[in-house]
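Observations on the three-dimensional arrangement
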Amino acid sequence: GRRARPRAGAGRRRAGERYAPAEPGLPELLDADRFPAPAVAGDAEAMRSLRRLGLRRRLDHVGVLASARSVARIARDADDAGDAALEAAAATRGRALLRILDGHAEALLEGAGADASDDSGSESDGPVAGRRAWVAALRRERWVPTLEAPPDAEALLPWSGPWLCAPDRARPLDVHHRPQVP
């Protein structure tokens, strides 16, 4: 008889949608489904083939958004279960993601813009629209770790808030200046 083929998107990812598990920092930022199965990851020949097929070796703008979404999912699970260990895992991943954004924001924005210009066919607004869409998606997710108590006992502003929030819900450090996405 005829063999059934797995449906696209049914838990399967192409090599270009996966990340190399041996790259430093990636396993701490991404869920297991973003990597090849452990049996494949342990097979040197299979890994060489995956690299030729586009296996990602560094966190790009797609991975950053996947990481932010995973933090939000872990946070929801922590809230639902009242689980302090999950809460700590979400905050740890969120802090690691902040460090990535701090060090690589410009390159990540370029990647988001390049994808948009490839998809839109329009060189003029594609990159700008792509960057804006990526930033907007990142801002919607609940992934930014926040302080739950004032940083010092003499804090002048009232202090309260969740342990993790979406960037759009975080109190800005400077209310007069809000950076614009190019």
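In case you missed it, the structure is sitting above this.
Below or above, wherever it landed, is the structure these notes cover. None of the values given here were measured: they were computed from a predicted structure. (Residues numbered from 1 in each chain as written. Predicted model: local features only at pLDDT ≥ 70, side-chain atom pairs only at ≥ 80, totals over all residues. Heavy atoms only, no water.)

Regarding the overall build of the protein chain
Each helix and strand counted, the protein chain has 6 helices and 2 strands in total. A buried classification covers 33% of the 182 residues belonging to the protein chain. Long-range contacts, defined as pairs at least 24 residues apart, comprise 58% of the intrachain contacts of the protein chain with a sequence gap of at least 6. Here the protein chain has roughly 12,200 Å² of accessible surface; of this, 53% comes from carbon and sulfur atoms. (Helix = DSSP H or I, 4+ residues; strand = E, 2+ residues; numbered from the N terminus. Buried < 20%, exposed > 50% of the residue type's maximum accessible area, 1.4 Å probe, protein only. Contact = heavy atoms within 4.5 Å. Areas by Shrake-Rupley, 256 points an atom, 1.4 Å probe, with all protein chains shown as cover.)

With respect to the nonpolar core
Buried together is how nonpolar side chains tend to be arranged in soluble globular proteins. One finds L30, V64, W134, L138 and W143 to be the most contacted residues of the largest nonpolar core, which totals 27 residues. Where this core is concerned, the elements lending two or more residues are α1 (26-29), α4 (61-81), α5 (84-120) and α6 (126-140). Excluding residues that lie within four positions of it along the chain, W134 makes contacts with H61, V64, L65, L101, L108, L109 and A112. Of all hydrophobic cores here, the second largest spans 5 residues; its members include A15, A20, M47 and L50. (Core = buried A, V, L, I, M, F, W, Y, C linked by side-chain atoms within 4.5 Å.)

Quick word on α4
The terminal C-alpha atoms of α4 lie 30 Å apart, and with 21 residues this matches the ideal 30 Å at 1.5 Å per residue to within 8%. Downstream of α4 by a residue or two, G82 has a phi angle that is positive, lying close to 60 degrees. (Expected span 1.5 Å × (residues − 1).)

A word on the pattern of salt bridges
Inspection of the entire model under this criterion finds 10 salt bridges. Between R14 and E17 there is a salt bridge whose closest N-O contact spans 3.2 Å. For R57, the salt bridge is made with E23, and the minimal N-O distance between the two is 3.3 Å. Of this pair, R57 sits in the loop between α3 (44-52) and α4 while E23 sits in the segment before α1, placing them 34 residues apart in sequence. (Salt bridge = Lys/Arg side-chain N within 4 Å of Asp/Glu carboxyl O.)

Description of α6
In an α-helix there are 3.6 residues to a turn, and that puts residues three or four apart on one side. Here α6 is 15 residues long and its end C-alpha atoms lie 21 Å apart, about the 21 Å a rise of 1.5 Å per residue gives. Regarding α6, the residues found buried are G126, P127, G130, R131, W134, V135, A137 and L138. Take α6 and look down its axis: the buried residues cluster within an arc of 160 degrees, on one side only. Turned more than 90 degrees away from the buried face of α6, the exposed residues are R132 and R140. (Arc of directions from axis to C-beta.)

Section: the side chain of D60
By the secondary structure assignment, D60 is in the loop between α3 and α4. Classification of D60 by relative accessible area gives buried; the value is 16%. Beyond its immediate chain neighbours, meaning those up to four positions away, D60 contacts Y19 and L108.

Here's the deal with the environment of A133
With respect to the helices and strands, the residue A133 is situated in helix α6. In this structure the C-alpha to C-alpha distance between A133 and G113, which are 20 residues apart in sequence, comes to 9.2 Å.

Focus on the side chain of S67
Looking at the secondary structure, you find S67 in helix α4. Reaching out from S67, the side chain makes a polar contact with the backbone oxygen of L29 at a distance of 2.7 Å. Those residues within four positions of S67 in sequence are excluded, and the remaining contacts are L29, L30, R93 and L97. (Polar contact = N/O pair within 3.5 Å; in protein donor to acceptor, adjacent residues only side chain to side chain.)

Purely spatial values, then, with no claim about function.
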